[in-house]
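Structure assessment
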Amino acid sequence: MENKILIIDDEKNILSILSDILKDAGYSVFTAGTGEEGLKILKKEDINLLFLDVRLPDINGIDLLKQIKKEESAVEVIMISGHATIDIAIQATKLGAYDFIEKPLSLERVKIAVTHAMEKTNLVKEKDELIKINASGYEILGESKAIKYIKAQIEKCAPSDSKVLILGETGTGKELVATAIHTQSTRKTAPFIKVNCASIPESLIESELLGHEKGAFTGAVSRKIGKFELADKGTIFLDEIGDMGLSCQAKVLRVLENGEFERVGGLTSIKVDVRIVAATNKDLLKEIEKGKFREDLYYRLNVMPIYIPPLRERKTDIPVLAKHLMNLFCRERGLPTKEFEESAMDTLSNYSYPGNIRELRNIIERIAIMTQDEKIKTEDISFIVGTKKVDDIFSESLSLSDAQKKLLKRYVETQLENNKYDMKKTAEALGIERPNLYRKMRELGIQK
Ligand SMILES: Nc1ncnc2c1ncn2[C@@H]1O[C@H](COP(=O)(O)OP(=O)(O)OP(=O)(O)O)[C@@H](O)[C@H]1O
Ligand SMILES: [Mg+2]
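Predicted, not measured: the structure shown is a model, and the values here were computed from it. (Residues numbered from 1 in each chain as written. Chains lettered and ligands numbered in written order. Predicted model: local features only at pLDDT ≥ 70, side-chain atom pairs only at ≥ 80, totals over all residues. Heavy atoms only, no water.)

1. A short note on the packing of aromatic side chains
Definition in use: Think of it this way: a Phe, Tyr or Trp ring, Trp meaning its six-membered ring, pairs with another when their centres are within 6.5 Å, and the plane angle makes it stacked under 30 degrees, edge-to-face over 60, tilted otherwise. Accessibility here uses a 1.4 Å probe with only protein chains present; expressed as a share of the type maximum, an area under 20% marks a residue as buried, one over 50% as exposed, and anything in between as partly exposed.
Scanning all chains against the criterion turns up four aromatic pairs. Ring geometry for Y298 and Y299: centres 5.1 Å apart, planes at 75 degrees, overall edge-to-face. Judged by its relative accessible area of 52%, Y299 is exposed. Taken together, a centroid distance of 4.7 Å and an interplanar angle of 80 degrees make the contact between Y351 and Y353 edge-to-face. By relative accessible area, Y351 is classed as buried at 12%.

Shown next as structure tokens:
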């Protein structure tokens, strides 16, 4: 959560002094000399706080305030003016301005106003976050033993400050579990900061996590507050930690050991109070063997491990998730809810889901869109059994007759599966006699 401030004032002096002060305090600052320019920036950037001059060359600041409050109500506005009258100040406050500061600006007054206004915007943001988290999309669903155990583990460890390491294949719900740990903890009103260690280039991750000082390296044009600092009093979620490079691991280890670090290029040591939740789909013990993950970091992190098994190992969760997701998608689109026929649910349950719940979500969304009927039949989901296998036929180079044979084999296998290996039904579905089906199966090398 980066805090961005916009200053709209036609006095160049004010723009440069204010922006220096605010940049030093660690904010990202944007400036505009006219109302029109300012509006453009407001539309483009996610601004938290606006300093707005009352007298602008192109528009009256009070009128602009009115417009902004109507369109971008999340932005807090501090009015500044050199010719303030009590009337204008009252009017501004009534229109929703957070504060009113007279020029010449007092440094102290500005700093206090900014801190308070930021606290307010962050509270509002957090409230919105929490509301989102509580929405049905964030519930951990499932009735398998594994899910019940995971929920019990979350309940137990969330209130403590213990480090948690979440393990599981891609799409199994690691981020969901991390979010649940934060929202069920005593830190729930403080920030929950996510860092995807795999998506940040090795050269940038250190400054991303620890921050940097102005001029620490080429391109460090202003001070940057790192994720550890942003997460102070809250939780940091180090996602894909198995992909973090060794030099960064050493830095993180130091933060974990001392709760202290310096920004890149900085000398002062910064102390933070942060709870660590990490996740990976890699086997960290193997990574340690390969020399790619530090053993000491592993033992530091692995205080409370939570393992989420892949969906194929907890098949009883599939119907629960499928029904819930179908209701969700249909409701979102204003469609009547669709029901799965038993055989269709069997097909869904027997698929292997290499992409786990994320893949199941995609499949259900596709069915919700593609199926007109309110009853979902096996045919409607035959694509999940078919597509993947057919795809690898396309990536091979086969003679036409071999390709034909392979495709035919897949097709007959799919029909057999869909009909639960009932020969009579399968033969009917294929429009052939039963003895012919047996012959075809022998020909194609399909085991009964
Ligand atoms: N038990 C569950 N109940 C409901 N939804 C779930 C559950 N597990 C996962 N999901 C949903 O599946 C999707 C993938 O989950 P998530 O992003 O948490 O997985 P992940 O393990 O972090 O995946 P990756 O390793 O790819 O980052 C999300 O939309 C999530 O809400
Ligand atoms: Mg994830």
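2. Looking at the site of ligand 1
Our working rule: One heavy atom within 4 Å of a molecule or strand makes the whole residue count as near it. In protein, a polar contact requires one atom able to donate a hydrogen and another able to accept it; more generally it is a pair of N or O atoms within 3.5 Å, and residues adjacent in sequence count only if both atoms are side-chain atoms. Computed over the protein atoms alone on a 1 Å grid, cavities are sets of points where a 1.4 Å probe fits but cannot get out and pockets are open sets with protein on both sides within 12 Å along at least five of seven lines; a residue lines them when it has an atom within 4 Å of a point. Any molecule with more than half of its atoms within 2 Å of a cavity's or pocket's grid points is counted as sitting in it. Every helix listed is a DSSP run of H or I at least four residues long, and every strand listed is a run of E at least two residues long, numbered separately from the N terminus. Classes in brief: Ala, Val, Leu, Ile, Met, Phe, Trp, Tyr, Cys and Pro nonpolar; Asp, Glu, Lys and Arg charged; the others, Gly included, polar. In this document the domain limits rely on a domain assignment from an automatic tool or a database.
Every one of the 17 residues lining ligand 1 counts as a neighbour, but L141, T170, G171, K174 and R358 are closest to it. Contacts to ligand 1 include G173, whose backbone N or O atom sits 3.1 Å from an oxygen atom. Between ligand 1 and R358 there is a distance of 2.9 Å, counted from an oxygen atom to a side-chain nitrogen or oxygen. Structurally, ligand 1 is housed in the second largest pocket. If you list the elements that add at least two residues to the shell around ligand 1, you get helix 7 (174-183) and helix 15 (356-370). Grouping the amino acids of the shell around ligand 1 by side-chain chemistry returns five nonpolar, five polar and seven charged. When residues are assigned to domains, the shell around ligand 1 turns out to be shared by domain 2 (138-308) and domain 3 (313-385), each giving three or more.

3. A look at the domain arrangement of the protein
What the domain assignment reports for the protein is domain 1 (4-130), domain 2 (138-308), domain 3 (313-385) and domain 4 (396-444). For domain 2 and domain 4, the distance between their C-alpha centres works out to 50 Å.

4. Some remarks on the layout of surface pockets
We count it as follows: Grid points are joined across faces, edges and corners, and a volume is the space filled by probe spheres set on the points.
The calculated volume of the second largest pocket comes to roughly 730 Å³. When the residues that make up the lining of the second largest pocket are grouped by side-chain class, the tally is 13 nonpolar, nine polar and ten charged.

5. Section: the nonpolar core
Here is the rule: Nine residue types can take part in a nonpolar core, namely buried Ala, Val, Leu, Ile, Met, Phe, Trp, Tyr and Cys, and a core is a set of them joined through side-chain atoms within 4.5 Å. Pairs of residues are marked as contacts when any of their non-hydrogen atoms sit within 4.5 Å.
Within the largest apolar cluster, 31 residues are counted, with the highest numbers of intra-cluster contacts made by L209, F228, I236 and L238. In terms of residue count, helix 10 (residues 246-258) provides more of this core than any other element does, five residues in total. Not counting chain neighbours up to four residues away, the residues in contact with F228 comprise L209, L210, I236, V255, F261, V272, V274 and I276. Counting residues in each nonpolar core, the second largest holds 25 residues, with L311, L325, I364 and I381 among its members.

6. Here's the deal with helix 3 (residues 61-71)
Let me state the cut-off plainly: As used here, the arc belongs to the directions running from the helix axis to the C-beta atoms.
Those residues of helix 3 that sit buried are G61, I62, L64, L65, I68 and K69. Each buried residue of helix 3 lies within a common arc of 155 degrees when the element is viewed along its axis, so the set occupies one face. Contacts from the buried residues of helix 3 go to strand 1 (4-8), helix 2 (35-44), strand 3 (49-53), strand 4 (76-81) and helix 4 (86-94). Sitting at the head of helix 3, N60 places a side-chain oxygen 2.7 Å from the backbone nitrogen of I62.

7. Comments concerning the environment of R333
Structurally, R333 is set in the loop between helix 13 (317-332) and strand 15 (339-340). Distance in space between the C-alpha atoms of R333 and I432 is 41 Å, their sequence separation being 99 residues. Non-local contacts of R333, meaning those with residues more than four positions away in its chain, are made with E365 and I369.

8. Observations regarding the environment of E208
Structurally, E208 can be placed in helix 8 (residues 202-210). Apart from the residues within four sequence positions on either side, E208 is in contact with I200, K224, G226 and K227.

9. So, the side chain of S207
One can find S207 in helix 8. Among the residues examined, S207 registers a relative accessible area of 6% and is labelled buried. Sequence-distant contacts of S207, defined by excluding residues within four places in its chain, comprise H212, F217, K224, G226 and V264.

10. Some points on unusual backbone geometry
Along the chain, K103 connects to P104 via a cis peptide bond; the corresponding omega equals -5 degrees. Along the chain, the position of P104 falls in the loop between strand 5 (99-102) and helix 5 (107-134). Positive phi values are uncommon outside glycine, yet E240 reaches one of about 55 degrees. Here E240 is to be found in the loop between strand 10 (235-239) and helix 10. Positive phi, normally seen in glycine, also occurs at N356, with a value near 55 degrees.

11. Notes on the sheet that holds strand 7 (residues 192-196)
Strand pairs in the sheet, formed through backbone hydrogen bonds, run parallel or antiparallel to each other. We apply this condition: Pairs of strands are assigned from DSSP output, requiring at least two bridges between the strands. Axis angles are defined between N-to-C directions and span 0 to 180 degrees, where every axis is a line fitted to C-alpha atoms and, for a helix, only to the segment in contact.
An order of 7-10-13-6-14 is seen for the five strands of this open sheet, with the pairing classed as parallel. Edge strands, defined here as strands with exactly one partner in the open sheet, are strand 7 and strand 14 (304-308). In this sheet, neighbouring strand axes are inclined to one another by 15 degrees on average, regardless of whether the strands run parallel or antiparallel. Bridging between strand 7 and strand 10 involves five bridges; their strand directions are parallel. Bridge assignment links N196 to a residue of strand 10, and that residue is D239. Sitting on the sheet, helix 6 (residues 145-157) touches strand 6 (164-168), strand 13 (275-280) and strand 14, and the angle it makes with strand 14 is about 155 degrees.

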